[in-house]
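These are the residues of each chain, in order.
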Amino acid sequence: MNYTLRIWRQENAEAKGSMVTYKVSGISPDSSFFEMLDILNQQLIEGGQEPVSFDHDCREGICGTCSLYINGRPHGPVKGVTTCQLHMRSFKDGDTITIEPWRAKAFPVIRDLIVDRSALDRIIQAGGYVSINTGGVPDANSIPVPKEQSDDAFDAAACIGCGACVAACANAAAMLFIGAKVSHLALLPQGEIEAEHRVMKMVECMDGLGFGGCSNTYACEAECPKGISVTNIAILNRGFLTASLMKQKEKPSKGDSL
Amino acid sequence: MPLNSSIARKSLMALAGLFLAVFLPVHLGVNLLLLAQDGGRSFSVAAEFMATNPLIRIAEPVLFLGFLLHILYGLMVSGANRAARPVGYQRPNSSDTSLLSKYMFHTGLVVLVFLALHLADFWMLKVGLVAPPEGIDRHDFYSRALILFQSPWYSSFYIASFLFLGFHLNHAIQSAFQTLGVNHSRYTPLLKIAGSVYAVIMTAGFSLIPLRLAFFP
Ligand code: HEM
Ligand code: SF4
Ligand code: FES
């Protein structure tokens, strides 16, 4: 099969980029999207040109490294998959395929199709963890977790941090990502203890990084490769509002006077 | 409460919006009395009640504040959301989403223009800034409404405004609950239907009056 590719090329973070058109031919419908890009890059290298830079790692839909905004949709036209799981049979012979980087103030372009998604890591650092003292492994059944809660927490924990929700959102909001992290931890007894502190810290961090807010458009849910539900955004909102309203006055720390 | 956080701003906006949404049916109820064939008697009784009842007198400034809050936060939230993507996409987004939710600012703006004209018409009349037209001795809300609705232009604009308000409301009601953290696998689907039904009733109800008076007298 033959395709015309319109790809965003940008030499580095400071350079002004532009769309460049390429042609690839003789592509098997069963090749993956990345194999097609690998063929393009081989072609470019042989012609003495710079290959197109794009993010990828596991190529099996579990690491969250791959990105690409393909024909107006993050991870391309197929629902519930990452770009590395996309195959050329999802396009028609002769199609023009437009490939762009994720666009958000919080995700600056580093080169071509690669953006800096460390903003998501900073949100995790702000509160997306459970503080534990390491020690012996606890008994498996020493902390009972209701089955439904464990299922919901597991569904939320499926988020791979790819950032497609931000890329799809009209406001470049990271609410689905944070919603997933907040409810995944808050639904489990180990994480519930720090739930209020966590949600306040993560939202504060998110706002400071230049992400937009939620307009409940739900493009995030439609594009999330892991099917994370916007119910998690309601859990995030609820958690943030109650934590903000119910926060107790700070007590003077007794330890300080010693 | 970190009032400046994106979630707090949006929640205040949602609360103000829901408050406005409660006031709309009250307003509609009074307006529908315009259709009563009694020379404006029942409409004037209702208008008199609205103008003198102490509870309504307290509610009016609160309503005004509600509008102010909703509009100011609407501008602020929309501005911040736009700034979050300084470089846009070449291919516009084609994700499978609700269309109206992307145009809340635009539909809100149409409502705002209507609101400005509406206030100019009726508030100025209330404080006596507009003189009654030739040949009209009784210049109150009732006669003013009848004069305005005689014009097909004004009536068309009125209906168009309420169509946009309907678009706004269709997304707004369920959205406000989600913003405030209310999402339930059993009740949210019902709430979405109720929000749409509410939006249709508001648009149809308000449009009924000019339709009857201007186009099918
Ligand atoms: C009677 C009039 C109005 C009612 C009942 C109303 C109600 C609402 C409600 C309930 C919401 C949902 C809030 C949420 O998503 O959490 C909303 C959203 C919104 N309203 Fe209004 N509204 C009215 C007029 C206006 C006006 C005059 C503007 C002027 C700009 C406006 C701008 C907006 C915007 C921009 C949003 C969406 C914000 C976002 O999610 O990004 N609205 N409205
Ligand atoms: S919520 Fe979905 S789209 Fe967003 S980062 Fe997680 S996996 Fe990716
Ligand atoms: S490369 Fe790992 S998810 Fe796509």
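Chain B goes by Succinate dehydrogenase in an unreviewed UniProt entry, where it is assigned to Pelodictyon luteolum.

If you check an unreviewed UniProt entry, chain A appears there as Fumarate reductase from Pelodictyon luteolum. Under the Sequence similarities (unreviewed entry) heading, UniProt states for chain A: "Belongs to the succinate dehydrogenase/fumarate reductase iron-sulfur protein family."

Below, the discussion takes up the packing of aromatic side chains. In the structure shown here, the tally under the stated rule is 16 aromatic pairs over all chains. With 6.5 Å between their ring centres and 65° between their planes, Tyr154 of chain B and Phe157 of chain B make a pair best called edge-to-face. One end of the pair, Tyr154 of chain B, and the other, Phe157 of chain B, are both in helix H6 (residues 152–179), 3 residues apart, so they sit about a helical turn from each other. For Phe157 of chain B, a relative accessible area of 27% translates into the label partly exposed. Ring pairing ties together the aromatic residues Phe114, Phe149, Tyr154, Phe157, Tyr158, Phe162 and Phe206 of chain B, which thus form one cluster. The residue whose ring lies beneath Arg103 of chain A is Trp8 of chain A, and the NZ or CZ to ring-centre distance is 4.4 Å.

With that settled, the discussion passes to the interface of chain B and chain A. Each side of the interface is counted separately: chain B has 36 residues, and chain A has 50 residues. Of the roughly 3,300 Å² buried where chain B meets chain A, counting both sides, 52% is carbon and sulfur surface. Viewed at the interface, chain A and chain B are joined by 26 residue pairs in polar contact (both at pLDDT 80 or more). Those elements that place two or more of their residues in the side of chain B that touches chain A are helix H1 (6–32), helix H3 (54–83) and H6 of chain B. Across the side of chain B that touches chain A, the residue classes tally to 11 nonpolar, 19 polar and 6 charged.

Another point: the sheet that holds strand E5 (residues 96–100) of chain A. Residues and elements named next belong to chain A. Pairing is mixed in the open sheet, where 5 strands are placed in the order E2-E1-E5-E3-E4. In this open sheet, the two strands that pair with only one neighbour each are strand E2 (18–24) and strand E4 (73–74). The pairing of strand E3 (residues 69–70) with E4 spans 2 bridges and is antiparallel. Its bridge partner being in E4, Ile70 is matched across the sheet by Arg73. Against the sheet, helix H1 (residues 33–46) contacts strand E1 (3–9), E2, E3 and E5, and its axis sits at roughly 95° relative to E2.

All names here are of chain A. In the structure shown here, the tally under the stated rule is 9 salt bridges over all chains. Ionic pairing is found between Arg89 and Asp30, a salt bridge with its closest N-O pair at 3.0 Å. Taken as a pair, Arg89 in the loop between E4 and E5 and Asp30 in the loop between E2 and H1 lie far apart in primary sequence, 59 residues in all. The salt bridge partner of Arg117 is Asp55, with a shortest N-O separation of 3.1 Å. Placement of Arg117 in the loop between strand E7 (114–115) and helix H2 (118–127) and of Asp55 in the loop between H1 and E3 is noted, with a sequence separation of 62 residues between them. Each member of the pair, Arg117 as well as Asp55, is classed as buried.

About the thresholds
- Residues numbered from 1 in each chain as written.
- Chains lettered and ligands numbered in written order.
- Predicted model: local features only at pLDDT ≥ 70, side-chain atom pairs only at ≥ 80, totals over all residues.
- Heavy atoms only, no water.
- UniProt positions renumbered as here; feature names shortened; annotations may be inferred.
- Phe/Tyr/Trp six-rings, centres within 6.5 Å; stacked < 30°, edge-to-face > 60°.
- Helix = DSSP H or I, 4+ residues; strand = E, 2+ residues; numbered from the N terminus.
- Buried < 20%, exposed > 50% of the residue type's maximum accessible area, 1.4 Å probe, protein only.
- Lys NZ or Arg CZ within 6 Å of the ring centre and 35° of its normal.
- Contact = heavy atoms within 4.5 Å.
- Buried area = accessible area lost by both parts, 1.4 Å probe.
- Polar contact = N/O pair within 3.5 Å; in protein donor to acceptor, adjacent residues only side chain to side chain.
- Nonpolar A, V, L, I, M, F, W, Y, C, P; charged D, E, K, R; others polar.
- Pairing = 2+ DSSP bridges.
- Axes fitted to C-alpha atoms, helices over the stretch in contact; angles between N-to-C directions.
- Salt bridge = Lys/Arg side-chain N within 4 Å of Asp/Glu carboxyl O.

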